[in-house]
Amino acid sequence: TAPSSDRITMKRLDVSKIGAAQVSEALKRPSQKSADAILGIVKPIINDIRENGDKALLSYTHKFEKATSLTSPVLKAPFPKELMQLPEETIKAIDISYENIRKFHAAQKEDKPLRVETMPGVICSRFARPIERVGLYVPGGTAVLPSTALMLGVPAMVAGCEKIVIASPPRSDGSITPEIVYVAHKVGAESIVLAGGAQAVAAMAYGTESVTKVDKILGPGNQFVTAGKMFVSNDTNAGVGIDMPAGPSEVLVIADKDANPAFVASDLLSQAEHGVDSQVILLAVDLNEQQLQAIEDELHNQAMALPRVDIVRGAISHSVTIQTRDIDEAMRISNEYAPEHLILQLNNAEEVVDKVMNAGSVFIGQWTPESVGDYSAGVNHSLPTYGYAKQYSGVNLGSFVKHITSSNLTAEGLRNVGQAVEQLAKVEELEAHRRAVSIRLASMQK
Ligand code: NAD
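Below is a summary of the structure that appears in this document. Worth saying up front: this structure is predicted, and the values here are computed from it rather than measured. (Residues numbered from 1 in each chain as written. Predicted model: local features only at pLDDT ≥ 70, side-chain atom pairs only at ≥ 80, totals over all residues. Heavy atoms only, no water.)

Right, let's talk about the sheet that holds strand β3 (residues 114-119) for a bit. Ordered by their spatial adjacency, three strands build an open sheet running β3-β4-β15, and the pairing between neighbours is antiparallel. With partners counted over all chains shown, the strands left at the sheet margins are β3 and β15 (401-409), one partner each. Adjacent strand axes in the sheet meet at a mean angle of 20°, parallel and antiparallel pairs treated alike. Sheet topology places β3 next to strand β4 (residues 122-130); five bridges connect them, and they run antiparallel. Following the sheet pairing, Arg115 is matched in β4 by Ser125. In the packing of helix α14 (residues 411-427) onto the sheet, the strands contacted are β3, β4 and β15, and the crossing angle to β15 comes to about 95°. (Pairing = 2+ DSSP bridges. Helix = DSSP H or I, 4+ residues; strand = E, 2+ residues; numbered from the N terminus. Axes fitted to C-alpha atoms, helices over the stretch in contact; angles between N-to-C directions. Contact = heavy atoms within 4.5 Å.)

Shown next as structure tokens:
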């Protein structure tokens, strides 16, 4: 069919004319396929990998990726130079991004353990240790996503994870994109698993003859990848953790009268081109008809010039502009929506950050398009979607470490806290617990 030339426009609502229920209705995320149906598809795949290891993994790659010439599912480091041949400018771009992401995540390191004396002689500490083995899923298929490899690989390297395994579906000729090999090399990955979907997740969760079993799996992916991650993280036999639930990408832009309509439209579109299920929201703070129209004209004109205009059209169809009276009203709506990306195209953007309660990552002021965060500024782009920004953080250095606590008491410390322990053990009727204290206190009397 011929490409449509229909006007690409977001529906418009005015908060002062509608109720709170209508605002919530307009901000609903596009519904997702039921998890049960997808689980029905991925469970047999996962079982097959557990039972048949590499052989099953290869057969799925032959089937889904059409990479029938592939004979080994894993590429081990050191990776051959000829697999990472790239144009000079791409290498330079990856190197700059790598360095900024490294700097920002290295600064998140806790240089010394936390140590608190809660009572005289009672010392509580907390210290971080890297997760030893991590599996990083980099979506593949037609897209080339070196940025995702960077956003997962660099913090894993900075955290000191001993084994970094990257999984990504190969191209139909069995090769992996050189950008991913180059990033894998830079972050010191031990191997690249040439597989995708639930089968790649299962291979990393349980291990196969050639795939290293990992302790945590991170990274975005389609519904099969997500269902696979949820399944293995619930299986105590796998003993594997995952990062967070992932859904389609989204952005919420708050713009005031001073915002440049072309900038606003470009930010909305840079999310809308991700996928038809992406959602973009504009909160227009006290804009008049002419200003709203200017943004809408820009949106249409810029969209029509994009190669991915059809995807944009899909995303825009469930996106909305909401007119608000002031910034506080806009912030209330934004905090309730809890966007993955929040862009503040506001005159006093920096001050407004104080009012942000729920968001994955914030982009402040007119010179900060979201794309800088997607690639090169240094912040992470693996962020909570679907409103999960209310309770989850995006991927950060902490995603690759766990915290261990310790207590260290002196005799005086045990004398100080012992009675409270004995009494609570008594209340819970755990006599051995009580005695572990009383035997020691008694031995001090001798
Ligand atoms: P993918 O790597 O997530 O999934 C490909 C795999 O899906 C295949 O290897 C195959 O195993 C599996 N699969 C496909 N059809 C199947 C079926 N019928 N039954 C069982 N398994 C099947 O790649 P994709 O599909 O291109 O999806 C990419 C995803 O990543 C999108 O959902 C997109 O939103 C997301 N994404 C995220 C980021 C990011 O946050 N960094 C960037 C781009 C894309």
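Further notes follow.
Here the focus is the nonpolar core. Among the nonpolar cores identified, the biggest contains 42 residues, and Phe79, Val134, Leu136, Ile164, Ile166 and Phe400 are the most heavily contacted of them. Looking at this core, the elements that each hand over two or more residues are α3 (88-106), β5 (133-137), α4 (146-159), β6 (163-167) and α5 (178-187). Setting aside anything within four residues of it in sequence, one finds Ile166 in contact with Leu136, Val138, Ile180, Ala184, Ala189, Ser191, Ile192 and Val193. With 30 residues, the next largest nonpolar core counts Tyr60, Ala198, Ala203 and Val211 among its residues. (Core = buried A, V, L, I, M, F, W, Y, C linked by side-chain atoms within 4.5 Å. Buried < 20%, exposed > 50% of the residue type's maximum accessible area, 1.4 Å probe, protein only.)

It is worth spelling out helix α11 (residues 327-337) at this point. Across the eleven residues that make up α11, a large majority, eight, are buried. All of the buried residues in α11 are Ile327, Glu329, Ala330, Met331, Ile333, Ser334, Asn335 and Tyr337. Those residues of α11 that are buried lie in contact with α1 (20-26), β10 (250-255), β11 (279-285), β12 (320-324), β13 (341-345) and α12 (349-352). Backbone nitrogen of Asp328 and a side-chain oxygen of the N-cap are separated by 3.3 Å at the start of α11; the cap is Asp326. Positive phi shows up at Ala338, right after α11, with a value of about 55°. (Polar contact = N/O pair within 3.5 Å; in protein donor to acceptor, adjacent residues only side chain to side chain.)

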